[in-house]
Number of protein chains: 2
Amino acid sequence: MKIAIMGFGTVGTGVEEILYKKRNSLLKRGFDINIDKILIKNINKKRNPLNKKLTFTDDFDEILNSDVDTVIDVTSSLEETYERIVKLMSAGKNIVTANKAVVSKYFEELNELSIKKNVFFSYEASVAGAIPTIHPIMEEVFINDIFEISGILNGTSNYILSKMEIEGLTYDEVLKEAQELGYAEADPTADVYGFDTMRKIRILSSIVYNSKINEDDIFTFGIANIKISDFDFAKALGYSIRLLGKSKLKEGKINISVIPTFVKDDFFAKSFESTNAIEILGENFKKYELKGPGAGKLETADAIIRDLLRILAKREIKTFYDSANNYVVENNLEKNYYVRCEKLSKELKSLISSEKIIGEEHHIIAKKVNLNKLIDVIDDFDKIFIAEIEEEI
Amino acid sequence: MKIAIMGFGTVGTGVEEILYKKRNSLLKRGFDINIDKILIKNINKKRNPLNKKLTFTDDFDEILNSDVDTVIDVTSSLEETYERIVKLMSAGKNIVTANKAVVSKYFEELNELSIKKNVFFSYEASVAGAIPTIHPIMEEVFINDIFEISGILNGTSNYILSKMEIEGLTYDEVLKEAQELGYAEADPTADVYGFDTMRKIRILSSIVYNSKINEDDIFTFGIANIKISDFDFAKALGYSIRLLGKSKLKEGKINISVIPTFVKDDFFAKSFESTNAIEILGENFKKYELKGPGAGKLETADAIIRDLLRILAKREIKTFYDSANNYVVENNLEKNYYVRCEKLSKELKSLISSEKIIGEEHHIIAKKVNLNKLIDVIDDFDKIFIAEIEEEI
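Residues numbered from 1 in each chain as written. Chains lettered and ligands numbered in written order. Predicted model: local features only at pLDDT ≥ 70, side-chain atom pairs only at ≥ 80, totals over all residues. Heavy atoms only, no water.

## Focus: the environment of Asn48 of chain B
Residues and elements named next belong to chain B.
Here is step 1 of the chain: Examined against the element boundaries, Asn48 turns out to sit in the loop between strand 2 (34-39) and strand 3 (56-57).
Here is step 2 of the chain: With relative accessibility at 57%, the residue Asn48 sits in the exposed group.
Here is step 3 of the chain: A C-alpha to C-alpha distance of 32 Å links Asn48 and Val174, two positions 126 residues apart in sequence. (Helix = DSSP H or I, 4+ residues; strand = E, 2+ residues; numbered from the N terminus. Buried < 20%, exposed > 50% of the residue type's maximum accessible area, 1.4 Å probe, protein only.)

## Details of the side chain of Lys335 of chain B
Residues and elements named next belong to chain B.
Here is step 1 of the chain: Along the chain, Lys335 falls in strand 14 (residues 334-341).
Here is step 2 of the chain: In this structure Lys335 comes out as buried when scored by relative accessible area, which is 16%.
Here is step 3 of the chain: A distance of 3.4 Å separates polar atoms of two side chains, one belonging to Lys335 and the other to Glu391.
Here is step 4 of the chain: Setting aside residues no more than four positions away along its own chain, Lys335 makes contact with Lys367, Lys368, Val369, Glu388 and Glu391. (Polar contact = N/O pair within 3.5 Å; in protein donor to acceptor, adjacent residues only side chain to side chain. Contact = heavy atoms within 4.5 Å.)

## Considerations on the domain arrangement of chain A
All names here are of chain A.
Here is step 1 of the chain: Domain annotation for chain A reports domain 1 (2-122) and domain 2 (141-296 + 326-389).
Here is step 2 of the chain: Using only C-alpha atoms to locate each centre, domain 1 and domain 2 end up separated by 33 Å.
Here is step 3 of the chain: Of the residues lining the interface, eight residues belong to domain 1; the matching set on domain 2 comes to twelve residues.
Here is step 4 of the chain: Interface area lost by domain 1 to domain 2 is led by Lys100, Ser104 and Glu108, which between them contribute 58%.
Here is step 5 of the chain: Connecting domain 1 to domain 2 are two salt bridges.
Here is step 6 of the chain: The residue Arg202 makes a salt bridge to Glu108 at a minimum N-O spacing of 2.8 Å.
Here is step 7 of the chain: Counting every contact that joins domain 1 to domain 2 gives five residue pairs in polar contact (both at pLDDT 80 or more).
Here is step 8 of the chain: Elements represented by at least two residues in the side of domain 1 that touches domain 2 include exactly helix 5 (100-105) and helix 6 (107-116).
Here is step 9 of the chain: Considering each element in turn, the side of domain 1 that touches domain 2 owes the most residues, five residues, to helix 5. (Domains from an automatic or database assignment. Buried area = accessible area lost by both parts, 1.4 Å probe. Salt bridge = Lys/Arg side-chain N within 4 Å of Asp/Glu carboxyl O.)

## Topic: the sheet that holds strand 4 (residues 70-73) of chain B
Whenever strands of a sheet pair, they do so through backbone hydrogen bonds, lying parallel or antiparallel.
Residue and element names in this part refer to chain B.
Here is step 1 of the chain: Taken in spatial order, the six strands make up an open sheet running 3-2-1-4-5-6, and their pairing is parallel. The open sheet has two edge strands, strand 3 and strand 6 (121-122), and neither has a second partner.
Here is step 2 of the chain: With two bridges joining them, strand 5 (residues 94-97) and strand 6 adopt parallel strand pairing. Note that in strand 6 the partner of Val96 across the bridge is Ser122.
Here is step 3 of the chain: Relative to strand 5, helix 14 (residues 297-312) is tilted by about 165 degrees, and along the sheet it contacts strand 1 (2-6), strand 4, strand 5 and strand 6. (Pairing = 2+ DSSP bridges. Axes fitted to C-alpha atoms, helices over the stretch in contact; angles between N-to-C directions.)

## With respect to helix 9 (residues 171-181) of chain B
Each α-helix turn comprises 3.6 residues. Residues three or four places apart therefore point the same way.
Residue and element names in this part refer to chain B.
Here is step 1 of the chain: For helix 9, the full list of buried residues reads Tyr171, Val174, Leu175 and Ala178. For helix 9, the angular spread of buried residues about the axis comes to 100 degrees, placing them on one side. Turned more than 90 degrees off the buried face of helix 9, the exposed positions are Asp172, Lys176 and Glu180.
Here is step 2 of the chain: Looking at the buried positions of helix 9, the neighbouring elements they touch are helix 8 (155-167) and helix 10 (189-192).
Here is step 3 of the chain: Gly182 sits one or two residues past helix 9 and shows a positive phi near 85 degrees. (Arc of directions from axis to C-beta.)

## Looking at the relation of the copies chain A and chain B
Here is step 1 of the chain: Of the transformation superimposing chain A on chain B, the axial component is 0.0 Å and the angular component is 180 degrees, with the fit at an RMSD of 0.0 Å. With respect to symmetry, the two chain copies, as superposed, fit the operation of a two-fold axis. Minimal C-alpha distance to the rotation axis in chain A is attained by Arg315 of chain A, lying at 2.0 Å. (Least-squares fit on C-alpha atoms with pLDDT ≥ 70 in both.)

## Looking at the UniProt feature "binding site: L-homoserine" (unreviewed entry) in chain A
All names here are of chain A.
Here is step 1 of the chain: The positions that UniProt labels "binding site: L-homoserine" (unreviewed entry) are, in the present scheme, Glu185.
Here is step 2 of the chain: Positionally, Glu185 belongs in the loop between helix 9 (171-181) and helix 10 (189-192).
Here is step 3 of the chain: Leaving out residues up to four positions away in the same chain, Glu185 has contacts with Gln179 and Asp191. (UniProt positions renumbered as here; feature names shortened; annotations may be inferred.)

## Let's talk about the interface of chain A and chain B
Here is step 1 of the chain: On the chain B side, the residues contacting the 46 residues of chain A number 46 residues.
Here is step 2 of the chain: Of the roughly 3,900 Å² buried between chain A and chain B, counting both surfaces, carbon and sulfur atoms make up 55%.
Here is step 3 of the chain: By the criterion of area lost to chain B, the three top residues of chain A are Phe142, Ile143 and Arg315 of chain A, representing 19% of everything that side buries.
Here is step 4 of the chain: At the boundary of chain A with chain B, the tally comes to 14 salt bridges.
Here is step 5 of the chain: Across the pair Glu283 of chain B and Lys22 of chain A runs a salt bridge whose closest N-O atoms are separated by 3.2 Å.
Here is step 6 of the chain: In this structure, the connection of chain A to chain B is made through 18 residue pairs in polar contact (both at pLDDT 80 or more).
Here is step 7 of the chain: Elements supplying a minimum of two residues to the side of chain A that touches chain B: helix 2 (23-28), helix 7 (134-141), strand 12 (288-293) and helix 14 (297-312) of chain A.
Here is step 8 of the chain: With seven residues, helix 14 of chain A is the single largest residue contributor to the side of chain A that touches chain B.

## Structural notes on the nonpolar core
Here is step 1 of the chain: Core analysis: the largest hydrophobic core is formed by 259 residues, its most contacted members being Tyr123 and Ile207 of chain A together with Tyr123 and Ile207 of chain B.
Here is step 2 of the chain: Beyond its immediate sequence surroundings of up to four residues, Tyr123 of chain A is in contact with Thr97, Val103, Phe107, Asn111, Ile134, Met138, Ile203, Ile207, Asp307 and Tyr321 of chain A. (Core = buried A, V, L, I, M, F, W, Y, C linked by side-chain atoms within 4.5 Å.)

## A short note on the UniProt feature "binding site: NADP(+)" (unreviewed entry) in chain A
Residues and elements named next belong to chain A.
Here is step 1 of the chain: With numbering matched to this structure, UniProt assigns "binding site: NADP(+)" (unreviewed entry) to Gly7, Phe8, Gly9, Thr10, Val11 and Gly12.
Here is step 2 of the chain: Inspection of the secondary structure assignment puts Thr10 in helix 1 (residues 10-21).
Here is step 3 of the chain: Overall, Thr10 belongs to the exposed group, its relative accessible area being 52%.
Here is step 4 of the chain: In this structure, Gly12 is in contact with Gly7 and Val74, ignoring residues within four places of it in sequence.

## Here's the deal with the sheet that holds strand 5 (residues 94-97) of chain A
Residue and element names in this part refer to chain A.
Here is step 1 of the chain: The six strands are arranged 3-2-1-4-5-6 in an open sheet whose pairing can be described as parallel. On the outer flanks of this sheet lie strand 3 (56-57) and strand 6 (121-122), each paired with one strand and no other.
Here is step 2 of the chain: Pairing geometry for strand 4 (residues 70-73) and strand 5, over four bridges, is parallel. Paired with Val71 across the strands is Ile95, a residue of strand 5.

## Some details on helix 14 of chain B
All names here are of chain B.
Here is step 1 of the chain: The terminal C-alpha atoms of helix 14 lie 22 Å apart, and with 16 residues this matches the ideal 22 Å at 1.5 Å per residue to within 8%.
Here is step 2 of the chain: Burial analysis of helix 14 places 15 of its 16 residues in the buried class, the great majority of the element.
Here is step 3 of the chain: Looking one or two residues past helix 14, Lys314 carries a phi angle of roughly 55 degrees, positive in sign. (Expected span 1.5 Å × (residues − 1).)

## Observations concerning the side chain of Glu361 of chain A
All names here are of chain A.
Here is step 1 of the chain: Structurally, Glu361 can be placed in strand 16 (residues 361-370).
Here is step 2 of the chain: Classification of Glu361 as buried rests on a relative accessible area of 9%.
Here is step 3 of the chain: In terms of polar contacts, Glu361 uses its side chain to reach the side chain of Lys227, at 3.2 Å.
Here is step 4 of the chain: Setting aside its immediate chain neighbours within four residues, Glu361 contacts Lys227, Ser229, Arg340, Cys341, Glu342 and Lys356.

Quick look at the structure:
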């Protein structure tokens, strides 16, 4: 069983490490997996794989034209990787990817291509690391109507939020510390503005609703504007604040958003540091919950190799999405929201249920409205902070 | 695809309900599943399946001699079902079972038989209902060293404990209420004395350690002796009490027990009513946690049908256990324990770290000892209550 790997960063080295260390266990179970080639950008950079005989290349065509059946993608680029995955699938190669940006943006297209080319397209590692999330919900879709899925899906923002909450530090202080410790990227945009969470809730929702969801249709508001005063306000009401990706199918409409949320429920409120936490609600069970590390070298590699073994043993689920459910994406459910802003528009004023003014800033609890209506009355998203308020159960 | 079902109680009707309601969804994905026959005890009892054309029989041989490839077992008897499963497997039929008593008692034998007869033997439904537990850890075993697994695995005892805790009712009051509401069986022995939890931790541990674990070697102490004073004592120290099944592999020894536990960690402490909650610790991830309903008609049926689809699509994992790891079962790790008793033996006295006497009863925190040592100094398990005290992290 020869495979190739594209990328040899943190996760790539994790994949190599597990395959190397577990070689005997895998052989015993019939998996004689050999890494044929690893594609890297800089061929001159010193690499330290455990298997010293590994072959590296910076020429994608060597992977494309090789006889490997399956390619593991652990790159982080978007368009380049997308194009390469298309070429690889078109050449009949199965893909295992951890690249959530690619999976989210090109979900329908890549799944259709996998059907057309009769190859496997697996991406368990794109959401929530080693926590078994995607594969189990794929199995559920055949026999269950899952109607709601929500979660803390981005470790970096959760790290920042929980540190701010517990240590009373400012957003900038925690971000800087997180960057120094390697928990946050030098460019944290995708994490703190919610785009990473958006991609993950898009992927999960597309699976469970079998309906096309455009990234652009997902309202996405991150944590970059949060202040300690927001935590103080939330705390006074008994809440924590967590960044949630959430989607709910009701009466043919998909409510989907990424938004900081005032949470009381322990499951989310007591998720600290870079933990991911996911709730899945369906017809056949009230709710089940998953929690654990959402990223990390071995965590993500573990999910990748589970996909790989399923493909090699022909145990993987074939793509079955056809987006046959033409659900409308529309945030029509009414919720309470928190808004903190300096300037109050007339329209926003009309939505106030209660208000507290601290210094220059208005801390508002808005009346129950749907998210679209709230968005309409916000003038400048750069200068405000908003949060959904979790409903009391 | 013709299947048979043994048993048509709550879970059996749930299986029929899902297969009936999801028929179109299943057909669309290539699963044309027909229930050939359902084995029941009392053929004269009126049944109300959704599919009115179903055939019932009270003759096991009709199932055994039928041409169905796969039989779903939702019976609750132990020896009779075991014998029937052996006959069915020997006749080349795959088994999907929810019967944890059979799976636990005959784990090695039935898995070996499944290898010998080249049939699938699947039992996701035997632990934690619809929560994806068993299948994901089977996948982990190939590539990860899981070294600890523990959980609230019995809904009935958790219902009793959390009701006692929140409403301040006695054990007998809550048990009676639970029986009236159908949450507890008329004979609750297996639940409240911990045998059900023991079976589940035995199954999970056998999978992850690939080592034989005899039921008799698992120290099992349930909640039947618990009093409100135990909760009061725990609460004063900041703890809740939950019944945990737990196992930990350390230095070639498996520490495994079922024991009430003083828990502070929110994951267990905030698990209420009949919730199940499972923690899995391994080399490739620090820990992941699963929580949800551990039983119920559709919940258990959902897990059964996931197994069934995997088998029908030949996506199921073939049995790979060979008990090659000859780990010793020995509770050698030292812990703090709580003991409440009327009579103090000299040996128990020597283990006291702190003590509180209320009325006739001693409430003791014992020094750190291993469980075997503690068991040695207890005279009469019928008259005491013991709990392990969760370590501070």
